[in-house]
Structures are given as structure tokens and as C-alpha cells.
Amino acid sequence: FWESTGANDIWLAEVEFVAVGSAAVVVPVAALSSGDWATDYAARQAFDGQKTSGNGWASNSVPCWIGGDFGAPVDIDAARIFNGWQASAYDELPVLGAVALEYSDDGVVWTEFSRSSSGASQVG
């Protein structure tokens, strides 16, 4: 994320990765980020399956990134990002302004898969 509308940070309720050929959500074994706003909003909270509570991930600045390590290669069909916390007071939080989706097989070399600089609800 390198831009948001109306804020200098990013708040996410949940990030889901959907496996190829199924509707199964694949959960990373480790969550990583470029910065957590506070301990209560650590990266691991973005992969806990909760979209309706006040716990999720928040960055402490923009630009920032969040990611998951699956521990082994996984074929992903879709990535879903839930911005804000659904059905809560946080629904008025700024929308994502610019998002890039990247992947890596080794955690060193990253390949950009998709990009949206318009805040579009779908990238790729």
C-alpha cells in the first residue's frame, strides 16, 4: 500500500488467500508487515478469520506492506482484502488508494502480479 484516501496509515480487518480450484481459504503460517500501529493490531490479526470485530491489522505509516508466509509453495487463485471492520464504527475509515499484489517463492525476489492505483475493488 503506498497511498490511502484521507489518512497516513492503513487499517485492514482481514486478508484472505483462496486456493486454486476451490473456495478454501489458505491461512499463512506466519504473518509479516512493514510496521504495526500497535501490538493490538499486529499483522497476525489480519489472518484470524474475523471481519466483524475491532481486531485486524493497522500500519503505523504509508507506504507499508503486509504479507503471509505459507511455509511451502501454494497456488493462490484470489486474494481478498477487507478494509475497515465490517458492521462496526470503523466502516468510515479511509479506503485504500493504491495497492500492489506481489508474490515470492523465496522471500527475496518479489514479482508484482497486480496493481491498482485507483482504489478499485478488484485488482488483477
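See above for the structure.
This section reports on the structure supplied with the text. (Residues numbered from 1 in each chain as written. Predicted model: local features only at pLDDT ≥ 70, side-chain atom pairs only at ≥ 80, totals over all residues. Heavy atoms only, no water.)

1. Quick look at the overall build of the chain
Thinking step 1. Regarding its fold elements, the chain presents zero helices and nine strands.
Thinking step 2. Counting helices and strands in the order they occur from the N terminus, the chain gives β-β-β-β-β-β-β-β-β.
Thinking step 3. In the chain, which comprises 124 residues, the proportion classed as buried is 31%.
Thinking step 4. A separation of at least 24 residues holds for 60% of the contacts in the chain among residues at least 6 apart in sequence.
Thinking step 5. In the structure as shown, the chain presents an accessible area of about 7300 Å², 51% of it carried by carbon and sulfur atoms. (Helix = DSSP H or I, 4+ residues; strand = E, 2+ residues; numbered from the N terminus. Buried < 20%, exposed > 50% of the residue type's maximum accessible area, 1.4 Å probe, protein only. Contact = heavy atoms within 4.5 Å. Areas by Shrake-Rupley, 256 points an atom, 1.4 Å probe, with all protein chains shown as cover.)

2. Here's the deal with the side chain of Gln45
Thinking step 1. Of note, Gln45 is situated in the loop between β4 (30-33) and β5 (57-58).
Thinking step 2. With residues near it in sequence (within four places) discarded, Gln45 still touches Ala13, Glu14, Asp40, Asn55, Gly56 and Trp57.

Read these as spatial facts, not as claims about activity.
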